[in-house]
Amino acid sequence: MRTGSGMLATARIDLHDLRMAASVMLAGAVILPLLPGPDGVPCPLRSLTGIPCPLCGMTTSVTAAVHFDPLRALAANPAGVLAVAVAVWLLVFRHPRTADVPVWAVPAALALMEIWQLTRAGVL
Amino acid sequence: MSDFGSGVDGGGGNVQSGPRASFGIRFVALLIDVVLLAVVGFVVRLILGNALGSAVNLLVGLAYYGYLEGSPSGQTVGKRAMSIRVIDFTSGGPIGPGRALIRYLGRILSSIPCLLGYFWMLWDKDKQTWHDKIATTVVVPTSAYPVAAWPG
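Thresholds applied
Residues numbered from 1 in each chain as written. Chains lettered and ligands numbered in written order. Predicted model: local features only at pLDDT ≥ 70, side-chain atom pairs only at ≥ 80, totals over all residues. Helix = DSSP H or I, 4+ residues; strand = E, 2+ residues; numbered from the N terminus. Rg over C-alpha atoms; globule rule 2.2 N^0.38 Å. Buried ≥ 20, exposed ≤ 12 C-beta atoms within 10 Å, placed from the backbone. Contact = placed C-beta atoms within 7 Å. Axes fitted to C-alpha atoms, helices over the stretch in contact; angles between N-to-C directions. Parallel < 35°, antiparallel > 145°, perpendicular 65-115°, else oblique. Nonpolar A, V, L, I, M, F, W, Y, C, P; charged D, E, K, R; others polar. Core = buried A, V, L, I, M, F, W, Y, C linked by C-beta atoms within 7 Å. Left-handed = near helix turned anticlockwise from the far one by under 90°. Expected span 1.5 Å × (residues − 1). pLDDT = per-residue confidence, 0-100. Pairing = 2+ DSSP bridges.

### Considering the overall build of chain B
Inference 1: Secondary structure assignment for chain B yields six helices and two strands.
Inference 2: Starting at the N terminus and walking to the C terminus, you meet the elements of chain B as α-α-α-β-α-α-α-β.
Inference 3: Relative to a compact globule of 152 residues, whose C-alpha radius of gyration would be 15 Å, chain B shows 16 Å and is just as compact.
Inference 4: Principal-axis analysis of the C-alpha atoms places the extent of chain B at approximately 55 × 35 × 25 Å.
Inference 5: Sorting the 152 residues of chain B into buried and exposed places 36% on the buried side.
Inference 6: Considering only residue pairs separated by 6 or more positions, chain B has 69% of its internal contacts joining residues 24 or more positions apart.

### Observations concerning the packing of helix α1 (residues 15-31) of chain A against helix α1 (residues 23-48) of chain B
Inference 1: Direction vectors running N to C along α1(A) and α1(B) enclose 45°, while the axes themselves pass 8 Å from each other. As the angle between them shows, α1(A) and α1(B) are arranged oblique. Along the contact surface, α1(A) presents Asp17(A), Met20(A), Ala21(A) and Val24(A), while α1(B) presents Phe23(B), Gly24(B) and Phe27(B).
Inference 2: Along the lines of polarity and charge, the residues of the contact of α1(A) with α1(B) split into five nonpolar, one polar and one charged.

### Here's the deal with the environment of Ile102(B)
Inference 1: Residue placement: Ile102(B) occurs in helix α4 (residues 96-111).
Inference 2: Ile102(B) sits 64 residues away from Ala38(B) along the chain, and the two C-alpha atoms are 22 Å apart.

### A look at the nonpolar core
Inference 1: If you look at the biggest cluster of nonpolar residues, it comprises 23 residues, and the most contacted ones within it are Val62(A), Ala65(A) and Val84(A).
Inference 2: Of all elements in the fold, only β2 (10-14), α1, α3 (58-66), α4 (70-76) and α5 (78-92) of chain A reach the threshold of two or more residues within this core.
Inference 3: Of the residues forming this core, the biggest block, five residues, is contributed by α3(A).
Inference 4: Ile25(B), Ile87(B), Ala135(B) and Tyr145(B) belong to the second-largest nonpolar core, a separate cluster that totals 16 residues.

### Describing the interface of chain B and chain A
Inference 1: Listed by partner, the interface residues are 12 residues for chain B and 20 residues for chain A.
Inference 2: The element best represented in the side of chain B that touches chain A is α1(B), accounting for three residues.

### A look at the packing of α1(B) against helix α2 (residues 50-69) of chain B
All names here are of chain B.
Inference 1: Two elements in contact, α1 and α2, have axes whose closest approach is 8 Å; the angle formed by their N-to-C orientations is 145°. Here α1 and α2 pass one another in a crossing that is right-handed. Facing Leu37, Val40, Gly41, Val44, Arg45 and Leu48 of α1, the residues of α2 in contact are Asn50, Leu52, Gly53, Val56, Asn57, Val60, Gly61 and Tyr64.
Inference 2: A breakdown of the residues in the contact of α1 with α2 according to their chemical character gives eight nonpolar, five polar and one charged.

### A few points about unusual backbone geometry
Inference 1: For the peptide bond that leads from Trp150(B) to Pro151(B), omega is -5°, which places it in the cis range.
Inference 2: If you check the backbone angles, Phe68(A) has positive phi at about 60° while not being a glycine.
Inference 3: Secondary-structure assignment places Phe68(A) in the loop between α3 and α4.
Inference 4: Unlike most non-glycine residues, Lys127(B) shows phi in positive territory, near 55°.
Inference 5: Relative to the elements of secondary structure, Lys127(B) occurs in the loop between α5 (116-119) and α6 (130-135).
Inference 6: For Lys127(B), a count of 22 C-beta atoms within 10 Å puts it in the buried group.

### Here's the deal with α1(B)
Inference 1: Compared with the 38 Å implied by 1.5 Å per residue over 26 residues, the 36 Å span of α1(B) between its first and last C-alpha is a close match.
Inference 2: Turning to α1(B), its buried residues number three or more, namely Phe23(B), Ile25(B), Arg26(B) and Ala29(B).
Inference 3: Lining the buried residues of α1(B) we find α1 of chain A together with α3 (77-81), β1 (84-88) and β2 (137-141) of chain B.
Inference 4: Directly beyond the C-terminal end of α1(B), a positive phi value near 85° is found at Gly49(B).

### A look at the confidence of the model for chain A
Inference 1: This prediction gives chain A a mean pLDDT of 88; 94% of its residues lie at or above 70.
Inference 2: Across chain A, α5(A) holds the top mean pLDDT of 94, while strand β1 (residues 2-3) of chain A sits lowest at 60.

### Notes on the pairing of β1(B)
All names here are of chain B.
Inference 1: Across the five residues that make up β1, a large majority, four, are buried.
Inference 2: In the sheet, β1 pairs with β2 via five bridges, with the strands oriented antiparallel. Directly across from aspartate 88, in β2, lies its bridge partner threonine 137.

In structure tokens:
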């Protein structure tokens, strides 16, 4: 459901779904170092084009954050620390079933993350 | 043949406005399909070797999703197990193999930025992934959109 118009439009998101995804993310981050093989997930975009995507480094970052290594987490991708913080906040505290989020929020967050990636890669 | 449930069409105009399958349920359905295809893929590679095996596995995946998601039920094995199905966003009916193929190719796009297209459904107002948007589909629970036969 979308309310408002233009810049102020909001989308109603299902927090139950988001909490499920948050659990999967945190559980995955706990388990990942225990599994054999490399801990990283190669970014398909970067493999194909050399351009990092906004999520590059997130696996490392979230894993490090969950294992209480904030410096490594920040270095890999600062958004990972934020993601873990939001995930914990979503799971620990009670929340209503849905939330109204501004429609521009997610593309804006991704754009900021990509700017960080390109800056780190020396492109910007 | 029979009506596979055009579902709820409440005042939203010309799109299906009934309930959607949740992230968790879709994720489990995906896991089931991935494991199934991985097992098949493993056997294929054992028999045909790595190079030919990989090529055949690509076709197997295409055929699996194209046929099953394009069938009247719109259900892969995983989706059937989790009681969800793929339907056309507007009509609520099956999408046919052609669009199912397009949806499958759309998954590749969804995967390229580290599966962002999949996670997109978490904040999308219609709970569509990118491949849903490309194929104009939504994934819904069969409780609201019943299936008469599988694959139909």
